[in-house]
Amino acid sequence: MIYDKLHVIFLSVLASEKNHSTNSVIAEYILKNYDKIKNIGIQELALRCNVGTSSISRFCRDIGLRDFIELKELISSASLNFQKISSIEEINDTYSNYVCESIKSVSNSIDISKITKLCEDIKKYNNVAVFGLLKAGCAAISLQTDLLLQGKNVYTNIVYNQQMEYIMNSNEENLIIIFSYTGSYFEYTDLRVLSKKLKKPKVWFIGGNIIKNYDFINEYITFESKQTQLSHPYQLQYISGMISQLYATV
(Lines give C-alpha, C1' and ligand atoms only; values in the text may rest on other atoms or scores of the structure.)
Protein backbone atom coordinates (compact mmCIF):
# COMPACT_ATOMS: atom_id res chain seq x y z
CA MET A 1 0.00 0.00 0.00
CA ILE A 2 1.31 3.45 -0.94
CA TYR A 3 -1.12 5.27 1.35
CA ASP A 4 -2.28 4.50 4.88
CA LYS A 5 -5.98 4.25 5.63
CA LEU A 6 -5.66 7.42 7.72
CA HIS A 7 -4.61 9.47 4.70
CA VAL A 8 -7.21 7.87 2.43
CA ILE A 9 -10.08 8.72 4.75
CA PHE A 10 -8.92 12.08 6.08
CA LEU A 11 -7.86 13.62 2.78
CA SER A 12 -11.26 12.73 1.31
CA VAL A 13 -12.88 14.51 4.27
CA LEU A 14 -10.80 17.64 3.68
CA ALA A 15 -11.64 17.57 -0.03
CA SER A 16 -15.39 17.24 0.54
CA GLU A 17 -16.15 19.23 3.71
CA LYS A 18 -16.64 22.98 3.84
CA ASN A 19 -13.58 24.86 5.02
CA HIS A 20 -13.59 25.36 8.81
CA SER A 21 -16.45 22.90 9.32
CA THR A 22 -16.13 20.82 12.49
CA ASN A 23 -15.11 17.67 10.62
CA SER A 24 -12.53 19.48 8.49
CA VAL A 25 -11.03 21.15 11.57
CA ILE A 26 -10.67 17.77 13.34
CA ALA A 27 -9.26 16.03 10.26
CA GLU A 28 -6.76 18.81 9.55
CA TYR A 29 -5.56 18.89 13.14
CA ILE A 30 -5.01 15.13 13.26
CA LEU A 31 -3.15 15.04 9.94
CA LYS A 32 -0.85 17.85 11.06
CA ASN A 33 -0.21 16.45 14.54
CA TYR A 34 -0.80 12.69 14.58
CA ASP A 35 2.75 11.97 15.77
CA LYS A 36 2.03 14.12 18.84
CA ILE A 37 -1.43 12.78 19.68
CA LYS A 38 -0.98 9.01 19.48
CA ASN A 39 -1.31 8.62 23.24
CA ILE A 40 -3.97 11.18 24.13
CA GLY A 41 -7.63 10.48 24.92
CA ILE A 42 -10.84 11.74 23.37
CA GLN A 43 -11.20 14.60 25.85
CA GLU A 44 -7.71 15.93 25.19
CA LEU A 45 -8.19 15.69 21.41
CA ALA A 46 -11.50 17.54 21.69
CA LEU A 47 -9.80 20.25 23.75
CA ARG A 48 -7.01 20.68 21.20
CA CYS A 49 -9.53 20.92 18.36
CA ASN A 50 -11.75 23.32 20.33
CA VAL A 51 -14.77 21.03 19.99
CA GLY A 52 -16.77 18.81 22.32
CA THR A 53 -16.14 15.09 22.80
CA SER A 54 -19.48 14.42 21.08
CA SER A 55 -18.07 16.11 17.96
CA ILE A 56 -15.10 13.73 17.99
CA SER A 57 -17.41 10.72 18.30
CA ARG A 58 -19.63 12.03 15.52
CA PHE A 59 -16.56 12.67 13.34
CA CYS A 60 -15.51 9.03 13.75
CA ARG A 61 -18.94 7.81 12.62
CA ASP A 62 -19.12 10.31 9.74
CA ILE A 63 -15.86 9.00 8.23
CA GLY A 64 -16.95 5.37 8.52
CA LEU A 65 -15.17 4.33 11.71
CA ARG A 66 -16.78 2.47 14.60
CA ASP A 67 -15.56 4.76 17.37
CA PHE A 68 -12.66 6.72 18.83
CA ILE A 69 -10.78 3.49 19.58
CA GLU A 70 -10.59 2.68 15.88
CA LEU A 71 -9.47 6.24 15.19
CA LYS A 72 -6.64 5.83 17.69
CA GLU A 73 -5.61 2.59 15.93
CA LEU A 74 -5.39 4.46 12.61
CA ILE A 75 -3.35 7.26 14.16
CA SER A 76 -0.94 4.80 15.81
CA SER A 77 -0.31 2.88 12.57
CA ALA A 78 0.04 5.86 10.22
CA SER A 79 3.34 6.83 8.62
CA LEU A 80 4.57 9.17 5.89
CA ASN A 81 6.61 7.98 2.92
CA PHE A 82 7.30 10.20 -0.07
CA GLN A 83 9.39 8.98 -3.00
CA LYS A 84 11.70 11.73 -4.26
CA ILE A 85 14.30 12.11 -6.97
CA SER A 86 17.82 12.45 -5.58
CA SER A 87 18.94 15.82 -6.96
CA ILE A 88 17.51 19.03 -8.38
CA GLU A 89 19.56 18.64 -11.56
CA GLU A 90 17.95 15.26 -12.29
CA ILE A 91 14.32 16.13 -11.52
CA ASN A 92 13.18 17.17 -15.00
CA ASP A 93 14.83 14.42 -17.05
CA THR A 94 14.46 11.63 -14.50
CA TYR A 95 10.85 12.39 -13.67
CA SER A 96 9.74 12.77 -17.29
CA ASN A 97 11.55 9.56 -18.28
CA TYR A 98 9.95 7.69 -15.41
CA VAL A 99 6.46 8.87 -16.32
CA CYS A 100 6.93 8.11 -20.02
CA GLU A 101 8.28 4.64 -19.28
CA SER A 102 5.38 3.88 -16.97
CA ILE A 103 2.83 4.88 -19.62
CA LYS A 104 4.68 2.81 -22.23
CA SER A 105 4.55 -0.12 -19.86
CA VAL A 106 0.76 0.17 -19.69
CA SER A 107 0.51 0.48 -23.47
CA ASN A 108 2.54 -2.71 -23.97
CA SER A 109 0.72 -4.78 -21.36
CA ILE A 110 -2.92 -3.70 -21.45
CA ASP A 111 -5.56 -5.99 -22.96
CA ILE A 112 -7.51 -3.84 -25.41
CA SER A 113 -10.21 -6.50 -25.78
CA LYS A 114 -10.91 -6.18 -22.06
CA ILE A 115 -11.33 -2.41 -22.33
CA THR A 116 -13.64 -2.88 -25.29
CA LYS A 117 -15.74 -5.29 -23.24
CA LEU A 118 -15.89 -2.74 -20.41
CA CYS A 119 -17.05 -0.04 -22.83
CA GLU A 120 -19.84 -2.32 -24.05
CA ASP A 121 -20.96 -2.74 -20.45
CA ILE A 122 -20.87 1.03 -19.88
CA LYS A 123 -23.19 1.47 -22.85
CA LYS A 124 -25.48 -1.34 -21.66
CA TYR A 125 -25.95 -0.29 -18.03
CA ASN A 126 -28.09 2.69 -17.07
CA ASN A 127 -26.59 2.94 -13.59
CA VAL A 128 -22.80 3.31 -13.81
CA ALA A 129 -20.43 4.49 -11.07
CA VAL A 130 -16.68 4.96 -11.19
CA PHE A 131 -14.54 5.25 -8.06
CA GLY A 132 -10.94 5.63 -6.94
CA LEU A 133 -9.08 6.87 -3.87
CA LEU A 134 -6.85 9.94 -3.70
CA LYS A 135 -4.81 10.07 -6.94
CA ALA A 136 -6.81 7.19 -8.42
CA GLY A 137 -9.84 9.41 -7.94
CA CYS A 138 -8.36 11.70 -10.61
CA ALA A 139 -8.71 8.88 -13.13
CA ALA A 140 -12.30 8.31 -12.02
CA ILE A 141 -13.19 12.00 -12.42
CA SER A 142 -11.43 12.14 -15.81
CA LEU A 143 -13.48 9.18 -17.05
CA GLN A 144 -16.69 10.71 -15.71
CA THR A 145 -15.90 13.95 -17.57
CA ASP A 146 -15.01 12.26 -20.86
CA LEU A 147 -18.11 10.06 -20.80
CA LEU A 148 -20.35 13.04 -20.05
CA LEU A 149 -18.97 14.75 -23.17
CA GLN A 150 -20.19 11.69 -25.07
CA GLY A 151 -23.66 11.81 -23.56
CA LYS A 152 -23.14 9.15 -20.87
CA ASN A 153 -23.71 10.29 -17.30
CA VAL A 154 -21.94 8.23 -14.63
CA TYR A 155 -21.69 8.75 -10.87
CA THR A 156 -18.58 9.33 -8.80
CA ASN A 157 -17.71 10.53 -5.29
CA ILE A 158 -14.38 11.39 -3.68
CA VAL A 159 -15.32 10.34 -0.12
CA TYR A 160 -14.36 6.73 0.61
CA ASN A 161 -17.16 5.82 3.03
CA GLN A 162 -19.71 7.32 0.62
CA GLN A 163 -18.22 5.26 -2.21
CA MET A 164 -18.56 2.14 -0.07
CA GLU A 165 -22.12 3.05 0.91
CA TYR A 166 -23.00 3.30 -2.79
CA ILE A 167 -21.39 -0.07 -3.52
CA MET A 168 -23.09 -1.78 -0.57
CA ASN A 169 -26.50 -0.48 -1.68
CA SER A 170 -26.04 -1.47 -5.33
CA ASN A 171 -27.59 -4.48 -7.03
CA GLU A 172 -27.44 -6.33 -10.34
CA GLU A 173 -28.68 -3.23 -12.17
CA ASN A 174 -25.49 -1.34 -11.27
CA LEU A 175 -22.12 -1.32 -13.01
CA ILE A 176 -19.21 -0.19 -10.83
CA ILE A 177 -15.69 0.60 -12.09
CA ILE A 178 -12.86 0.77 -9.55
CA PHE A 179 -9.49 2.39 -10.25
CA SER A 180 -6.89 1.11 -7.77
CA TYR A 181 -3.20 1.48 -8.60
CA THR A 182 -1.98 -0.96 -5.93
CA GLY A 183 -5.11 -3.12 -5.86
CA SER A 184 -5.72 -2.18 -2.23
CA TYR A 185 -9.05 -0.37 -2.67
CA PHE A 186 -11.09 -2.87 -0.69
CA GLU A 187 -8.50 -3.34 2.06
CA TYR A 188 -9.77 -0.30 3.96
CA THR A 189 -13.20 -1.70 4.85
CA ASP A 190 -15.11 -4.72 6.18
CA LEU A 191 -16.14 -6.79 3.16
CA ARG A 192 -18.38 -9.33 4.84
CA VAL A 193 -21.58 -7.46 3.99
CA LEU A 194 -20.60 -7.11 0.34
CA SER A 195 -19.56 -10.76 0.04
CA LYS A 196 -22.91 -11.91 1.45
CA LYS A 197 -25.06 -9.76 -0.86
CA LEU A 198 -27.39 -11.90 -2.94
CA LYS A 199 -27.90 -9.28 -5.63
CA LYS A 200 -24.47 -7.88 -6.34
CA PRO A 201 -23.48 -5.15 -8.81
CA LYS A 202 -21.20 -5.96 -11.71
CA VAL A 203 -17.73 -4.77 -10.72
CA TRP A 204 -14.76 -4.02 -12.97
CA PHE A 205 -11.45 -3.60 -11.15
CA ILE A 206 -8.58 -1.72 -12.82
CA GLY A 207 -5.14 -1.89 -11.22
CA GLY A 208 -1.48 -2.82 -11.44
CA ASN A 209 -0.05 -6.30 -11.66
CA ILE A 210 -0.52 -6.89 -7.91
CA ILE A 211 -4.20 -7.78 -7.59
CA LYS A 212 -6.03 -9.64 -4.85
CA ASN A 213 -8.96 -11.73 -6.02
CA TYR A 214 -12.39 -11.04 -4.52
CA ASP A 215 -15.49 -13.14 -5.08
CA PHE A 216 -17.61 -10.05 -5.81
CA ILE A 217 -15.38 -8.68 -8.60
CA ASN A 218 -16.46 -9.84 -12.05
CA GLU A 219 -13.71 -8.52 -14.33
CA TYR A 220 -10.12 -7.32 -13.96
CA ILE A 221 -8.06 -5.01 -16.17
CA THR A 222 -4.42 -5.24 -15.13
CA PHE A 223 -1.15 -3.78 -16.43
CA GLU A 224 2.55 -3.98 -15.74
CA SER A 225 3.55 -1.55 -13.03
CA LYS A 226 6.51 -0.83 -10.76
CA GLN A 227 4.02 0.23 -8.08
CA THR A 228 5.80 3.45 -7.19
CA GLN A 229 4.57 6.92 -6.35
CA LEU A 230 6.39 8.35 -9.36
CA SER A 231 4.22 6.46 -11.86
CA HIS A 232 0.99 7.03 -9.95
CA PRO A 233 -1.57 8.18 -11.16
CA TYR A 234 -0.28 8.46 -14.74
CA GLN A 235 -0.82 4.80 -15.57
CA LEU A 236 -4.43 4.96 -14.40
CA GLN A 237 -4.99 8.23 -16.25
CA TYR A 238 -3.75 6.58 -19.44
CA ILE A 239 -6.25 3.74 -19.04
CA SER A 240 -9.03 6.22 -18.26
CA GLY A 241 -8.27 7.97 -21.55
CA MET A 242 -8.18 4.65 -23.41
CA ILE A 243 -11.61 3.75 -22.06
CA SER A 244 -12.98 7.11 -23.21
CA GLN A 245 -11.52 6.73 -26.70
CA LEU A 246 -12.73 3.15 -27.14
CA TYR A 247 -16.17 4.05 -25.78
CA ALA A 248 -16.49 6.54 -28.65
CA THR A 249 -15.95 3.73 -31.16
CA VAL A 250 -18.04 0.81 -29.84
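Structure report, in brief. (Residues numbered from 1 in each chain as written. Predicted model: local features only at pLDDT ≥ 70, side-chain atom pairs only at ≥ 80, totals over all residues. Heavy atoms only, no water.)

Quick notes on the pattern of salt bridges
And step 1. One pass over the full model with this rule turns up eight salt bridges.
And step 2. As a salt-bridge pair, Glu70 and Arg66 come within 3.5 Å of each other at their nearest N and O atoms.
And step 3. A salt bridge links Glu219 to Lys117; its shortest N-O distance comes to 2.7 Å. Of the two residues, Glu219 sits in strand β4 (residues 219-223) while Lys117 sits in helix α7 (residues 112-124), which places them 102 residues apart along the sequence.
And step 4. Glu219 gets classed as buried once you look at its relative accessible area, which sits at 12%.
And step 5. When salt bridges with common partners are traced through the structure, they connect Lys114, Lys117 and Glu219 into a single cluster. (Salt bridge = Lys/Arg side-chain N within 4 Å of Asp/Glu carboxyl O. Helix = DSSP H or I, 4+ residues; strand = E, 2+ residues; numbered from the N terminus. Buried < 20%, exposed > 50% of the residue type's maximum accessible area, 1.4 Å probe, protein only.)

With respect to the nonpolar core
And step 1. Core analysis: the largest hydrophobic core is formed by 28 residues, its most contacted members being Ile177, Phe179, Ile206 and Ile243.
And step 2. Counting only elements with at least two residues in this core, the list comes to α7, β1 (127-132), α8 (135-148), β2 (174-180), β3 (202-208), β4 and α11 (234-247).
And step 3. Leave out the neighbours within four places in its chain, and Ile243 touches Ile115, Leu118, Cys119, Ile122, Leu143, Phe179 and Ile206. (Core = buried A, V, L, I, M, F, W, Y, C linked by side-chain atoms within 4.5 Å. Contact = heavy atoms within 4.5 Å.)

Re unusual backbone geometry
And step 1. Despite not being glycine, His20 has its phi angle at roughly 70 degrees, a positive value.
And step 2. With respect to the helices, strands and loops of the structure, His20 is situated in the loop between α1 (5-16) and α2 (22-33).
And step 3. Residues other than glycine seldom take positive phi values, yet Gln227 does so here, at roughly 55 degrees.
And step 4. By secondary structure assignment, the location of Gln227 is in the loop between β4 and α11.

Overview of the layout of surface pockets
And step 1. For the largest pocket, the calculated volume is near 220 Å³.
And step 2. In terms of lining residues, the largest pocket is bounded by 13 residues, among which Lys5, Gly64, Leu65, Thr189 and Asp190 are the most central.
And step 3. Those elements that provide at least two residues to the lining of the largest pocket are α1 and α9 (160-168).
And step 4. Residue contributions to the lining of the largest pocket peak at three residues, all from α9.
And step 5. Residues that form the lining of the largest pocket fall into these classes: six nonpolar, three polar and four charged. (1 Å grid on protein atoms, 1.4 Å probe; cavity = no way out; pocket = protein on both sides within 12 Å on 5 of 7 lines; lining within 4 Å. Points joined across faces, edges and corners; volume = space filled by probe spheres on them. Nonpolar A, V, L, I, M, F, W, Y, C, P; charged D, E, K, R; others polar.)

Topic: the packing of α2 against helix α4 (residues 53-62)
And step 1. Relative orientation of the contacting elements α2 and α4 amounts to 85 degrees, with a least axis distance of 10 Å. In terms of axis orientation, α2 runs roughly perpendicular to α4. Between α2 and α4, the residues in contact are Thr22, Asn23, Ile26, Ala27 and Ile30 and Ser55, Ile56, Phe59 and Asp62, respectively. (Axes fitted to C-alpha atoms, helices over the stretch in contact; angles between N-to-C directions. Parallel < 35°, antiparallel > 145°, perpendicular 65-115°, else oblique.)

With respect to the side chain of Ser180
And step 1. For Ser180, the position within the fold is in strand β2.
And step 2. Look past the residues within four positions of Ser180 in its chain and what remains in contact with it is Tyr185, Phe205, Ile206, Gly207, Gly208 and Leu236.

Looking at the sheet that holds β3
And step 1. In spatial order, the strands read β1-β2-β3-β4; together these four strands make up an open sheet with parallel pairing. Of all the strands in the sheet, the pair left with one neighbour each is β1 and β4. Averaged over neighbouring strand pairs, the angle between their axes works out to 15 degrees when direction is ignored.
And step 2. In this sheet, β3 lies alongside β2 in parallel orientation, the contact comprising six bridges. Along β3, the bridge assignment pairs Phe179 with Ile206. (Pairing = 2+ DSSP bridges.)

Describing the pairing of β3
And step 1. With seven of its seven residues buried, β3 lies for the most part within the structure.
And step 2. Note: β3 against β4, five bridges, orientation parallel. Within β4, the position partnered with Trp204 by the bridge is Glu219.

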